[in-house]
Amino acid sequence: AALSPARHRTSRLPSPVSRLPSQVMDPRLTPLAAILDLNTHLFGNCLDGLSDEQAVTRVVDGTNHVAFLAAHMADSRFFALKVLGQTVENPLAPVLAGAKTLEDVKGPLPLDATRAAWATVSAALRAALESLTPEQLDAPSTMRFPISDKTVLGVIAFLVQHDAYHLGQLSLLRRQLGLAGMSYK
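Summarised in this report is the structure supplied together with it.

Analysis parameters
Residues numbered from 1 in each chain as written. Predicted model: local features only at pLDDT ≥ 70, side-chain atom pairs only at ≥ 80, totals over all residues. Heavy atoms only, no water. Helix = DSSP H or I, 4+ residues; strand = E, 2+ residues; numbered from the N terminus. Buried < 20%, exposed > 50% of the residue type's maximum accessible area, 1.4 Å probe, protein only. Contact = heavy atoms within 4.5 Å. Core = buried A, V, L, I, M, F, W, Y, C linked by side-chain atoms within 4.5 Å. Axes fitted to C-alpha atoms, helices over the stretch in contact; angles between N-to-C directions. Parallel < 35°, antiparallel > 145°, perpendicular 65-115°, else oblique. Nonpolar A, V, L, I, M, F, W, Y, C, P; charged D, E, K, R; others polar. Salt bridge = Lys/Arg side-chain N within 4 Å of Asp/Glu carboxyl O.

With respect to the overall build of the protein chain
Then, in step 1: Per the secondary structure count, the protein chain includes 8 helices and 0 strands.
Then, in step 2: Counting helices and strands in the order they occur from the N terminus, the protein chain gives α-α-α-α-α-α-α-α.
Then, in step 3: The buried share of the protein chain, reckoned over its 185 residues, is 43%.
Then, in step 4: Considering only intrachain contacts with a sequence separation of at least 6, the fraction spanning at least 24 residues in the protein chain is 74%.

Some points on the nonpolar core
Then, in step 1: Counting residues in hydrophobic clusters, the biggest one holds 54 residues, and the most contacted among them are Leu29, Leu129 and Ile156.
Then, in step 2: Within the residue set of this core, elements represented by two or more residues are helix H2 (30–47), helix H4 (66–83), helix H5 (93–96), helix H6 (111–131) and helix H8 (152–176).
Then, in step 3: Top contributing element to this core by residue count: H4, with 11 residues.
Then, in step 4: Discounting chain neighbours no more than four positions away, the residues touching Leu129 are Met25, Leu29, Ala33, Leu36, Leu84 and Ile156.

Quick word on the packing of H4 against H8
Each pair of packed helices can be summarised by the angle the axes make with each other and by the distance between the axes.
Then, in step 1: Running from N to C, H4 and H8 point in directions that differ by 170°, and their axes come no closer than 10 Å. When the interaxial angle is binned, H4 and H8 end up roughly antiparallel. Residues Val66, Leu69, Ala70, His72, Met73, Ser76, Arg77, Phe79, Ala80 and Val83 of H4 form the contact with H8, whose own contacting residues are Val155, Leu159, His162, Asp163, His166, Leu167, Gln169, Leu170 and Leu173.
Then, in step 2: Its residues placed into classes, the contact of H4 with H8 shows 12 nonpolar, 5 polar and 2 charged.

What to know about the pattern of salt bridges
Then, in step 1: A complete count under the given rule lists 7 salt bridges for this structure.
Then, in step 2: Among the salt bridges present, the one from Arg58 reaches Glu103, with a minimum N-O distance of 2.7 Å. Placement of Arg58 in the loop between helix H3 (52–55) and H4 and of Glu103 in the loop between H5 and H6 is noted, with a sequence separation of 45 residues between them.
Then, in step 3: Overall, the relative accessible area of 31% leaves Arg58 in the partly exposed class.
Then, in step 4: The class for Glu103 is exposed, based on a relative accessible area of 55%.
Then, in step 5: Overlapping salt bridges bring together Asp26, Arg28 and Asp138 as one network.

Have a look at this one:
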């Protein structure tokens, strides 16, 4: 299933959970949200100047390419939203459904579609983080990740680390494709 540019432009963000105006983000989330905000920006910088042709180049046989890593990162943020009880339509789902490796992908992954999905999910994830209560963060999670904290907060922490891990890969692939390193600007 190929991705259609029109499909991802019509997605609407969910309404964040209502909070009293005096409530602020749980302070345990503040540094994680700051890293997610930075990662949101850096993701765009990693893709800056890359063509779709460059993005599907495997710099070494058996490794992932930029287009797959970028789509995987966006897909992971859609997953994070589900963990937080929010849902936003993932326009990448038809192509990535069931894909554990690059060979499992069911169609092309154009960077414009991935950038649009990233923008949508990033805004929704930020809103979801702002709405979480301490009780929700402390709730046990059924998700199992390689982290000792088995709460929703622990899952968020792991997913922030996951973002950063793959940003490093994207940055390295940029250089290997002959582009300048990722910018923090």
